[in-house]
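Chains, contacts and geometry: an overview
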Amino acid sequence: MPAPRLRIRAIELYERPVRFVKPFRFGAVTVEAAPQAFVRALVDVEGQGEAWGATAEMMMPKWFDKRPNRSPADTVDGLRRSLVEAREAYLADSRLDTAFGHHAAFASTMEPKLAAAFGPAQIDKAVLDGLLRVLGLNAFQGLGANVAGLDARLTPDLRGFDLDGFLAGLAPLGEVELRHTVGLLDKPENLRALLKHAPLRWFKVKLGGDVSADIARLTELAAVLERSAPGFRATLDGNEQYRDAAQVAELLDRIDASPALAGFRRALAYLEQPIAREAALAQPLGAVAERVPVIIDESDDGYDAFPQARAMGYRGVSSKSCKGLYKAMLNRARCAAWGPPHFISAEDLTCQAGLSVQQDTALVAFLGIPHAERNGHQYGGGFGSEAEGAAFLEAHPGFYARDADGTVRLAGGSGRLATAPLSGPGFAHIADPDWSGLSPLSNPTSALSEGVHP
């Protein structure tokens, strides 16, 4: 059956500040607070009714836009501008079209492209949620039936590929294993204390771009992991801090030459975006590509990025809802079309408790990615209020739990997240945030930089 067509009747944009419970350092910045965006979209589905859909996502500074002449506040402001631009364009598109058709009709005028994609990515999630609610379908049913109308118009390399059959054949996972992020400010003793109580098996370690410093830090962390998490697996995240493939090769040489890192080297699954996006796809990885699978993350700024990366020797790409759920689905289809060794990973820029982490986890489970970086629960402060947390706990029992002080957080005590609690009608959305406690999205000409410093 053809995908249902719809009109988008209204889009509302909100935000609220999130104060981190501990600093998060990635790349060249340390973040202690950042605003979270919230989106509501009213969709009218042809012949079937209308419903509001919703989503949420952190507006992280200096990640979507790392240009040195842009302040952290400027980069958050750019994300607000992306949301406003997308809202105006989607509402101006009064045609009846599929959810994906509305997405495909939008063309941003903003730079950089990764920041420009933020606004439509959020509106797409809210529109999909509303569509699923009208149809009475959950995320796994709706995505499998391709109710969004996904096609190959933005990915010509997939022309002739049976997208409908591929999506229908995916088997959503009943649980997703947690991959714990070890940030640049996290100490070995922090990791040791965590592993006394958490049965974690997967870890993601941030790199700083200084080979000697990274090796020294990895050596300390590897010793903790080998003692406290036997059989662990790991990924490394360069966050664009390495200048070129030659410097990445130096890092791998030092790892391979260290007896203390032999266990870590065997546990290493892949290396994520070590080279700055401006240079990452300009030259082939060369021999590095034969030594460890390398994936793109920040370079994944459009539908042509993964094929370009593949030509340069990259073997994978990250799935992040903040970059676009449709792009993640089409990149997953590419992995199937191209075959091994191509793969898609699940990364997390700090998905906060509530709609953000629920919808991203549902997408990860649908795509069949067995483990996912989940770090919003360790850096963020949880829900906006006790009442909001209680509402989400009641709506999604088993996905959340109360910790020792009564705070509602992800139920990750087993090292895994159950996905059955996300299977209610809609895009993993039963409970609502406290809309009355949110502020309208700030004017994009204003800038809020509190809590962020180089």
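Here the structure is shown first, and the text comes after it.
Residues numbered from 1 in each chain as written. Predicted model: local features only at pLDDT ≥ 70, side-chain atom pairs only at ≥ 80, totals over all residues. Heavy atoms only, no water.

So, about the overall build of the chain. Looking only at helices and strands, the chain features 17 helices and 16 strands. Taken over the C-alpha trace, the chain has a radius of gyration of 21 Å; the compact-globule value for 454 residues is 22 Å, and the two agree within 12%. In terms of overall dimensions, the chain has C-alpha extents of about 65 × 50 × 45 Å along its principal axes. Put simply, the chain has 454 residues, and 61% of those count as buried. When contacts within the chain are restricted to residue pairs at least 6 apart in sequence, those whose partners lie at least 24 apart make up 76%. (Helix = DSSP H or I, 4+ residues; strand = E, 2+ residues; numbered from the N terminus. Rg over C-alpha atoms; globule rule 2.2 N^0.38 Å. Buried < 20%, exposed > 50% of the residue type's maximum accessible area, 1.4 Å probe, protein only. Contact = heavy atoms within 4.5 Å.)

Once that is clear, we can look at the environment of K204. In this fold, K204 is placed in strand β5 (residues 202-206). Its relative accessible area of 1% is what places K204 among the buried residues. Sequence separation between K204 and R19 is 185 residues; the distance between their C-alpha atoms is 23 Å. K204 has contacts with R179, H180, T181, V182, T235, D237, E272, E347 and E373, leaving out every residue within four places of it along the chain.

Counted according to the given criterion, the structure contains 17 aromatic pairs. Ring plane angle 75° and centroid distance 6.5 Å describe the contact between F203 and F232, whose orientation is recorded as edge-to-face. Taken as a pair, F203 in strand β5 and F232 in the loop between α8 (211-228) and β6 (233-237) lie far apart in primary sequence, 29 residues in all. Taking the relative accessible area as the measure of exposure, F232 reaches 6% and is therefore buried. Three or more aromatic residues joined by ring pairs make a cluster, and in this case those are F383, F392, F399 and Y400. Over the ring of Y379 we find K22; its NZ or CZ atom is 4.9 Å from the centre of that ring. The side chain of R40 reaches across the aromatic face of W435, ending 5.1 Å from its centre. (Phe/Tyr/Trp six-rings, centres within 6.5 Å; stacked < 30°, edge-to-face > 60°. Lys NZ or Arg CZ within 6 Å of the ring centre and 35° of its normal.)

Taken as a whole, this structure holds 40 salt bridges when the rule is applied. Note that E12 and R40 form a salt bridge whose closest N and O atoms lie 3.2 Å from each other. A residue pair is termed long-range when its members are at least 10 positions apart, and E12 in strand β1 (residues 6-26) and R40 in strand β2 (residues 29-45) qualify at 28 residues. In this structure, the salt-bridge partner of D301 is K113, at a minimum N-O distance of 3.9 Å. (Salt bridge = Lys/Arg side-chain N within 4 Å of Asp/Glu carboxyl O.)

Let us look at helix α9 (residues 245-257). Over its 13 residues, α9 extends 18 Å from the first C-alpha to the last, a length consistent with the 18 Å expected when each residue adds 1.5 Å. All buried positions along α9 are accounted for by A245, Q247, V248, A249, L251, L252 and I255. On its buried side, α9 packs onto α8, β6, α10 (262-267), β7 (268-272) and α12 (288-291). In this structure D244 caps α9, since a side-chain oxygen of it lies 3.2 Å from the backbone nitrogen of A246. (Expected span 1.5 Å × (residues − 1). Polar contact = N/O pair within 3.5 Å; in protein donor to acceptor, adjacent residues only side chain to side chain.)

Once that is clear, we can look at the pairing of β1. Pairing analysis gives 16 bridges linking β1 to β2, with the strands arranged antiparallel. Pairing of R25 across the sheet is with T30, part of β2. Taking the residues that link successive antiparallel strands as the turn, the β1-β2 hairpin has two residues, and the phi of G27 there is positive, at about 60°. Here β1 runs beside strand β15 (residues 439-440); their pairing, made up of two bridges, is antiparallel. Along β15, the bridge assignment pairs Y14 with P440. (Pairing = 2+ DSSP bridges.)

Before going further, it helps to examine the nonpolar core. Among soluble globular proteins, nonpolar side chains are generally buried collectively. Membership of the largest hydrophobic core comes to 146 residues, with the highest contact counts inside it found for F264, Y326, M329 and Y400. Once residues lying within four places of it in the same chain are set aside, the contact partners of Y400 are A353, G354, V357, Q358, F383, F392, L393, V408, R409, L410 and A411. (Core = buried A, V, L, I, M, F, W, Y, C linked by side-chain atoms within 4.5 Å.)

So, about α8. Three- or four-residue spacings in an α-helix give side chains the same orientation, since the helix completes a turn every 3.6 residues. Its 18 residues give α8 an end-to-end C-alpha distance of 25 Å, which sits within 8% of 26 Å, the value for a rise of 1.5 Å per residue. Residues of α8 that are buried: V211, D214, I215, R217, L218, L221, A222, V224 and L225. Residues of α8 that are buried in the fold lie against β4 (175-182), α7 (188-195), β5, β6, α9 and α10. Backbone nitrogen of S212 and a side-chain oxygen of the N-cap are separated by 3.1 Å at the start of α8; the cap is D210.

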